[in-house]
Amino acid sequence: MNISASKILITGGGKGIGNFIALSLLDIAEKVFVLENNEKLLNNLPKHAKLISYQCDITQPETVENVIKSIFDTHGGINVCINNAGIIHSEPLVNILAAKDKKHSIRNWENVININLNAVFYISANVAENMIKRKEKGVIVNISSISAQGNIGQSAYAASKAAVEALSKTWSKELGMYKIRCVAIAPGFFDTPSTKASLSEHMLSKWQNAVPIGRLGKLEELFSAIKFVIENDYFNGKTLSLDGGLTI
Ligand SMILES: NC(=O)c1ccc[n+]([C@@H]2O[C@H](COP(=O)([O-])OP(=O)(O)OC[C@H]3O[C@@H](n4cnc5c(N)ncnc54)[C@H](O)[C@@H]3O)[C@@H](O)[C@H]2O)c1
């Protein structure tokens, strides 16, 4: 896929990884569509001829359907869809030390599954349907995590990311005949505000030391992986692990 001729949609482009990728893509893509639910973050996005942003809560199926249709109708389509928006949530299945509510909260479980998994399904189904209608080839890129392999204290997060990897395989098999690829990228620990917010300093340095090359990933390195999976038309259905060797 030629990035310079691609119209690229990315969810959660208001901050963190999604923001870095969206802004980096502006230098090389034809158009970048950002879907973001946080109005303040949307307002902070730079004014740029190639950047079109939409306030959209991707957990709302009807809203997603309308926004994707409007992008296809108004801007001539989407060639690359990056399902990036997600929340990192840690909570044990059972916390015997808790005074009450020892079990994992059902509300938290549903919230994580809604954003990290259901929204990926809503977005991808609408993007794929419109790509097929217009006979356009394309790529769906799902941002997973090393937690897809199972991670202590992250039932909901790990389940959502493992499911997203399963969807990438399933969709690559279903959509290949329409020249639509689907891939996943599983980052390890990257240098982002969300990584720092979700881990204590002690845990962060423990994880960092566990990485054979001894450091967090840089967002430039993640962007280079995104570029690779978009450009390489023979990369399909697989998850690219980008974790400095942490999961070897
Ligand atoms: N940060 C890391 O090191 C790391 C590691 C592995 C995987 N990941 C994955 O990368 C992705 C991005 O992570 P991040 O660290 O940049 O997160 P982040 O919290 O910094 O950014 C997430 C973005 O998604 C948006 N968003 C959340 N819910 C939304 C909704 N319902 N509708 C629309 N937008 C919504 C947020 O407003 C925010 O802009 C996530 O899928 C995460 O699981 C991150």
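Check the entry above for the structure.
So, here's what we can say about the structure. Note on numbering: residues in each chain are counted from 1, in written sequence order. Confidence filtering applies because this is a predicted model: local features only for residues at pLDDT of at least 70, side-chain atom pairs given and counted only at 80 or more, and all residues used for totals across whole chains, interfaces and linings.

## Things to note about the site of the ligand
Only the C-beta atom matters for nearness: placed from the backbone, it must lie within 6 Å of the molecule or strand for the residue to count as near. Every one of the 28 residues lining the ligand counts as a neighbour, but Gly12, Gly16, Gly86, Phe190 and Ser194 are closest to it. Elements are defined by DSSP. Helices are runs of H or I of four residues or more, strands are runs of E of two residues or more, and each kind is numbered from the N terminus. Among the secondary structure elements, those contributing two or more residues to the shell around the ligand are helix H1 (16-25), strand S2 (31-36) and helix H6 (193-198). Broken down by element, the shell around the ligand gets its largest block of residues, three residues, from H1. For this scheme, ten residues count as nonpolar: Ala, Val, Leu, Ile, Met, Phe, Trp, Tyr, Cys and Pro. Four count as charged, namely Asp, Glu, Lys and Arg, and the remainder, Gly too, count as polar. Looking at the shell around the ligand residue by residue, the class counts come to eleven nonpolar, 14 polar and three charged.

## Re the environment of Ser90
Relative to the helices and strands, Ser90 is located in the loop between strand S4 (80-83) and helix H4 (106-133). Spatially, the C-alpha atom of Ser90 lies 26 Å from that of Ala225, the residues being 135 residues apart in sequence. The contact criterion used here is simple: two residues whose C-beta atoms, placed from the backbone, lie within 7 Å are in contact. Non-local contacts of Ser90, meaning those with residues more than four positions away in its chain, are made with Gly153, Gln154 and Ser198.

## Section: the packing of H1 against helix H8 (residues 219-231)
Note on geometry: axes are lines fitted to C-alpha atoms, helical ones only across the stretch in contact, with angles between N-to-C directions running from 0 to 180 degrees. For the pair H1 and H8, interaxial distance at closest approach is 10 Å and the crossing angle is 60°. For the element pair H1 / H8, the angle class is oblique. The handedness of the crossing between H1 and H8 comes out as right-handed. For the pair H1 and H8, contact is made by Ile17, Phe20, Ile21 and Ser24 and by Leu219, Leu222, Phe223 and Ile226, respectively. Within the contact of H1 with H8, the residues separate by chemical class into seven nonpolar, one polar and no charged. Orientation labels follow simple angle bins: below 35 degrees gives roughly parallel, above 145 gives roughly antiparallel, 65 to 115 gives roughly perpendicular, and whatever is left gives oblique. Crossings are sorted by hand: turned counterclockwise from the far helix by less than a right angle, the near helix makes the crossing left-handed, and turned clockwise it makes it right-handed.

## Considerations on the nonpolar core
Grouped together as the largest cluster of nonpolar side chains are 55 residues, with contacts concentrated most on Leu9, Cys81, Ile82, Val127 and Val141. The dominant element in this core, judged by the number of residues it contributes, is H4, at ten residues. Not counting residues up to four positions away in its chain, the partners in contact with Leu9 are Phe33, Leu35, Ile71, Ile78, Cys81, Ile82 and Val127. The term nonpolar core means buried Ala, Val, Leu, Ile, Met, Phe, Trp, Tyr and Cys residues held together as one set by C-beta atoms within 7 Å. Partly exposed residues are those whose C-beta has more than 12 but fewer than 20 other C-beta atoms within 10 Å; 20 or more makes a residue buried and 12 or fewer makes it exposed, with C-beta atoms placed from the backbone.

## Concerning the pairing of strand S5 (residues 138-143)
Within S5, six of the six residues are buried, leaving the element largely enclosed by the surrounding structure. Both faces of S5 are covered, namely the face carrying Gly138, Ile140 and Asn142 and the face carrying Val139, Val141 and Ile143. Note on the crossover from S4 through H4 to S5: the handedness is right-handed. Crossovers are marked right-handed if the path from the first strand over the helix to the second runs clockwise, as seen with the strands pointing away from the viewer. In this region the chain leaves S5, passes through helix H5 (residues 155-175) and returns to the parallel neighbour strand S6 (residues 180-187); the handedness of that crossover is right-handed.

## Examining the environment of Ser144
Secondary-structure assignment places Ser144 in the loop between S5 and H5. Ser144 sits 95 residues away from Thr239 along the chain, and the two C-alpha atoms are 8.2 Å apart. If we ignore the near neighbours within four places in the chain, the residues touching Ser144 are Lys161, Val164, Glu165, Ala184, Ile185, Ala186 and Thr239.

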